[in-house]
Amino acid sequence: MKFYAELLIFVLLFLTNARILFTKRVRRDALVNLAPLTFILSVLILFAWNVDFFTLLCLFLSLIVLLSNFHALIRYTSRLYIDHYSNLMKAWAHFTNILSFAALIFTILCAPVELLPQKFGTTDTLYKYDGSFNTGFVPSDGFSKTTCFFHQFTKTQDIKNTENDYQTDNIIVFFPDKRGDTYAYEPYLHLLAAEGYTVYSADFYCNDCKWRHSIGDAKILRRFSMVLESYFYNQKFMAQREFYTFNSAKEINAVMDILKDDFNLSQKVFFVSDVMANTAIEDYFSQNPDKVAGTYNFDSILSYESKGYGCIEQTDPLLAAGLGLKKDRKFIKPKIMAQLTAKEAEKVFLQDLAVSENIEN
């Protein structure tokens, strides 16, 4: 959806200034209204899908087109007619059209790989929560601020593999790195659910758990700011591991509380994390062996080359290219990673089941 919204923005920008090519008679310049409309849409896209290179590109181009058409907007609102455009206006319009067309092509080339859950036979159900780590989380009523986006990935009921039915009752809880979010791992999470597991992942944006201690903690900026710091100052970024562990521990406790209170969790779960939460899940496992069957470090998988960033070969091809990786349209790596995780989870759950049976006997 984000990709198509960005394409719409660039097409509207192109049409806004392409109007100078079609002035054949005296008329009101109605198409100039596309300039403020496009700028408003660019702002809405930025808040809907957060800051990244392409949402910033949309905002930047729509702003310069809006400013360059400021006088045309005044003429239109004053009900004045036009019969020609100045040479300066024509030159600037051609320039912005070239930029818009180039942005359109670049966006298409760097488009994320379309993910169709129905092809995997899975479903992603989103639950929204309001609250904080200090006060707890309650389901959002639609009018309150959402501070937790809680995802549940499940295999479609009517195509579950009867040979692996024992897996459908087993739960995997995934803790994404903050350089990504649940969206950045969606191919992997859907494919893991396709293996027969119920998978949970949550994204928290709370005032009592700061990751950046700056404006970078805002929901629309957090991933972008963390990716920039990690990409350009990775040593400084990784030096804060203890701080990341402290914050991740808060999220783990909150996730387990939500699962217990709202999803009636009564059995052990299997933890998976990527880089930032690795130490925290190990600590929680050692302290709560009655709640967690085992843990798995997602970044330990050899085929996972974008450690900490998620499945960017599908979700963010531009960042993938910056790391020397190619777009993966066939989901080859996520399939491998999901299969390896499923095998590890199966082994842990079977061992835990054997131990429980021995105790009972």
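On a predicted model such as this, the values are computed, not experimentally measured, just so you know.

Scoring rules and cut-offs
- Residues numbered from 1 in each chain as written.
- Predicted model: local features only at pLDDT ≥ 70, side-chain atom pairs only at ≥ 80, totals over all residues.
- Heavy atoms only, no water.
- pLDDT = per-residue confidence, 0-100.
- Contact = heavy atoms within 4.5 Å.
- 1 Å grid on protein atoms, 1.4 Å probe; cavity = no way out; pocket = protein on both sides within 12 Å on 5 of 7 lines; lining within 4 Å.
- Points joined across faces, edges and corners; volume = space filled by probe spheres on them.
- Helix = DSSP H or I, 4+ residues; strand = E, 2+ residues; numbered from the N terminus.
- Nonpolar A, V, L, I, M, F, W, Y, C, P; charged D, E, K, R; others polar.
- Phe/Tyr/Trp six-rings, centres within 6.5 Å; stacked < 30°, edge-to-face > 60°.
- Buried < 20%, exposed > 50% of the residue type's maximum accessible area, 1.4 Å probe, protein only.
- Salt bridge = Lys/Arg side-chain N within 4 Å of Asp/Glu carboxyl O.
- Patch = residues over 30% accessible without salt bridge, like charges linked within 9 Å, V, L, I, M, F, W, Y side chains within 5 Å.
- Areas by Shrake-Rupley, 256 points an atom, 1.4 Å probe, with all protein chains shown as cover.
- Core = buried A, V, L, I, M, F, W, Y, C linked by side-chain atoms within 4.5 Å.

### Side note on the confidence of the model for the protein
This prediction gives the protein a mean pLDDT of 88; 88% of its residues lie at or above 70. A low-confidence stretch, residues 159-167 (pLDDT under 50), is modelled with 9 contacts involving residues beyond four sequence positions or located in other chains.

### Overview of the layout of surface pockets
Computed from the structure, the largest pocket encloses a volume of approximately 1600 Å³. When residues of the lining of the largest pocket are assigned to their parent elements, the largest contribution, 7 residues, is made by helix α8 (residues 222-232). Considered class by class, the residues forming the lining of the largest pocket number 30 nonpolar, 8 polar and 12 charged. What the second largest pocket holds in volume is close to 250 Å³. Along the walls of the second largest pocket sit 13 residues, with Lys145, Thr146, Tyr205, Ala218 and Lys219 positioned nearest its centre. In terms of residue class, the lining of the second largest pocket is built from 5 nonpolar, 2 polar and 6 charged.

### Examining the packing of aromatic side chains
Per the counting criterion, the structure on display carries 29 aromatic pairs. Note on phenylalanine 120 and phenylalanine 331: the rings are 5.4 Å apart at their centroids and 90° apart in plane angle, and the pair reads as edge-to-face. Of this pair, phenylalanine 120 sits in helix α6 (residues 117-120) while phenylalanine 331 sits in the loop between α13 (317-322) and α14 (332-360), placing them 211 residues apart in sequence. Neither phenylalanine 120 nor phenylalanine 331 differs from the other in exposure class; each is buried. Ring pairs connect the aromatic residues Tyr127, Tyr129, Phe150, Tyr200 and Phe263, which therefore count as one cluster.

### Looking at the environment of tyrosine 304
Tracing the chain through its elements places tyrosine 304 in the loop between β7 (292-297) and α12 (312-315). The class of tyrosine 304 is buried, set by a relative accessible area of 2%. For tyrosine 304 and methionine 337, which are 33 residues apart along the polypeptide, the C-alpha to C-alpha distance reads 7.4 Å. Those residues within four positions of tyrosine 304 in sequence are excluded, and the remaining contacts are Tyr185, Asp274, Phe298, Asp299, Tyr309, Gly310 and Met337.

### Regarding the pattern of salt bridges
Two side chains that carry opposite charge are able to pair once their charged atoms sit near each other. Per the counting criterion, the structure on display carries 9 salt bridges. For glutamate 305, the salt bridge is made with lysine 333, and the minimal N-O distance between the two is 2.4 Å. Here the residue glutamate 305 occupies a position in the loop between β7 and α12, and lysine 333 occupies one in helix α14, the gap between them amounting to 28 residues. A salt bridge links lysine 333 to glutamate 313; the nearest nitrogen and oxygen atoms lie 3.1 Å apart. You can see lysine 333 sitting in helix α14 and its partner glutamate 313 sitting in helix α12, a full 20 residues away along the chain. Residue classification places glutamate 313 among the buried positions, given a relative accessible area of 5%. Through salt bridges with shared partners, one network takes in Lys2, Glu6 and Asp52.

### Looking at the environment of aspartate 316
Structurally, aspartate 316 can be placed in the loop between α12 and α13. When its relative accessible area of 18% is taken as the criterion, aspartate 316 is described as buried. Taking the C-alpha atoms as reference points, aspartate 316 and valine 113, 203 residues apart in sequence, are found 8.5 Å from one another.

### Considerations on a nonpolar patch on the surface
On the surface, Val11, Phe14, Leu15, Phe101, Ile105, Ile108 and Leu109 cluster together to form a nonpolar patch covering roughly 610 Å² of accessible area. Secondary-structure elements contributing two or more residues to the nonpolar patch are α1 (2-18) and α5 (87-109). Position of valine 11 relative to the elements: it lies in helix α1.

### Section: unusual backbone geometry
Leaving glycine out, the prevailing phi sign among residues is negative, and the prevailing peptide bond configuration is trans. Within the chain, asparagine 264 stands out as a residue other than glycine whose phi angle is a positive 55°. Relative accessible area serves as the criterion here: at 64%, asparagine 264 is assigned to the exposed category. Notably, phenylalanine 331 is not glycine yet its phi reads approximately 60°, a positive angle. What makes phenylalanine 331 buried here is its relative accessible area of 8%.

### Points about the environment of cysteine 58
Mapped onto the fold, cysteine 58 is located in helix α3 (residues 53-68). Sequence spacing of cysteine 58 and threonine 38 is 20 residues, and the spatial spacing of their C-alpha atoms is 8.8 Å.

### A look at the nonpolar core
Counting 35 residues, the largest nonpolar core has Phe137, Phe150, Phe204, Leu259 and Phe271 as the members making the most contacts within it. Only β3 (148-155), β4 (171-175), β5 (198-204), α9 (234-238), α10 (241-262), β6 (269-273) and α11 (278-287) provide two or more residues apiece to this core. Per element, the largest residue contribution to this core is 7 residues, and it comes from α10. Ignoring sequence-local partners within four residues, the contact set of phenylalanine 150 consists of Thr125, Leu126, Tyr127, Tyr129, Tyr200, Ser201, Ala202, Val255, Ile258, Leu259 and Phe263. Of all hydrophobic cores here, the second largest spans 30 residues; its members include Phe120, Phe270, Val348 and Phe349.

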